[in-house]
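Given next are the chains, with one letter for each unit.
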Amino acid sequence: MILLLIFLILLPIITYRWARTHIPLHKVTALGISFGLIAAPFSMGLYSTFFLHPVGIVTGLPGLILSMFHGAPGYQISIELGLIPSHTVIAGTNSLLVAAVNGVFWAIIYGLLGYAIDKYRHHRHNTNKSVVRDAPR
């Protein structure tokens, strides 16, 4: 179980390392998208560590909070799109639909957040260069 969580968190790490060399102006955007894709499953995995060992309380309780936060939008969007019926228990293939919608939703949200950070850093970097160039000697 813990090994699967480690493999899951490797996706954003590998994406960031790749983006740093291939698309440096959008590396945080790529990180945000990849983190958004795994946010809901990773938070559910953290919550499931609560039941493994008494030490799992340390990761299980934050996992519960993150799982409640990251799970709700996908469920609501799935109901609104008509993918799943409302007022039913999610099981089987319906849980895969909700997980896919969660992945797309959080990838967009965290990707936009990363894009804003990239734009801010690029703007700040260019502003600092113009100040240095215009400074009297």
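Refer to the structure presented above.
Summarised in this report is the structure supplied together with it. (Residues numbered from 1 in each chain as written. Predicted model: local features only at pLDDT ≥ 70, side-chain atom pairs only at ≥ 80, totals over all residues. Heavy atoms only, no water.)

1. Notes on the overall build of the protein
Okay, step 1: Counting its regular elements, the protein contains four helices and zero strands.
Okay, step 2: When the elements of the protein are put in sequence order from the N terminus, they spell out α-α-α-α.
Okay, step 3: For the protein, the C-alpha radius of gyration of 19 Å lies well beyond 14 Å, the compact-globule estimate for 137 residues.
Okay, step 4: Counting across all 137 residues of the protein, residues that qualify as buried make up 28%. (Helix = DSSP H or I, 4+ residues; strand = E, 2+ residues; numbered from the N terminus. Rg over C-alpha atoms; globule rule 2.2 N^0.38 Å. Buried < 20%, exposed > 50% of the residue type's maximum accessible area, 1.4 Å probe, protein only.)

2. Remarks on the packing of aromatic side chains
Okay, step 1: Summed over the entire model, instances satisfying the criterion amount to six aromatic pairs.
Okay, step 2: Ring geometry for Phe105 against Trp106: centres 4.9 Å apart, planes inclined by 80°, an arrangement best described as edge-to-face.
Okay, step 3: Given a relative accessible area of 6%, Trp106 falls into the buried group.
Okay, step 4: Put simply, the rings of Phe35, Phe69, Phe105, Trp106 and Tyr110 pair up and form one aromatic cluster. (Phe/Tyr/Trp six-rings, centres within 6.5 Å; stacked < 30°, edge-to-face > 60°.)

3. Things to note about the packing of helix 1 (residues 2–22) against helix 2 (residues 27–48)
Okay, step 1: Contact geometry for helix 1 and helix 2: axes closest at 9 Å, N-to-C directions at 175°. Put simply, helix 1 runs roughly antiparallel to helix 2. Only Lys27, Ala30, Leu31, Ser34, Phe35, Ile38, Pro41, Phe42, Gly45 and Leu46 of helix 2 make contact with helix 1, whose side of the interface consists of Leu5, Leu8, Ile9, Leu11, Pro12, Thr15, Tyr16, Ala19 and Arg20.
Okay, step 2: Broken down by class, the residue content of the contact of helix 1 with helix 2 amounts to 14 nonpolar, three polar and two charged. (Axes fitted to C-alpha atoms, helices over the stretch in contact; angles between N-to-C directions. Parallel < 35°, antiparallel > 145°, perpendicular 65-115°, else oblique. Contact = heavy atoms within 4.5 Å. Nonpolar A, V, L, I, M, F, W, Y, C, P; charged D, E, K, R; others polar.)

4. Structural notes on a nonpolar patch on the surface
Okay, step 1: A contiguous nonpolar surface patch, about 890 Å² in accessible area, is contributed by Ile2, Leu3, Leu4, Ile6, Phe7, Leu10, Ile13, Ile14 and Leu52.
Okay, step 2: With respect to the helices and strands, Phe7 occurs in helix 1.
Okay, step 3: Overall, Phe7 belongs to the exposed group, its relative accessible area being 51%. (Patch = residues over 30% accessible without salt bridge, like charges linked within 9 Å, V, L, I, M, F, W, Y side chains within 5 Å. Areas by Shrake-Rupley, 256 points an atom, 1.4 Å probe, with all protein chains shown as cover. Salt bridge = Lys/Arg side-chain N within 4 Å of Asp/Glu carboxyl O.)

5. As for the environment of His26
Okay, step 1: In this structure, His26 sits in the loop between helix 1 and helix 2.
Okay, step 2: Setting aside its immediate chain neighbours within four residues, His26 contacts Tyr115 and Asp118.

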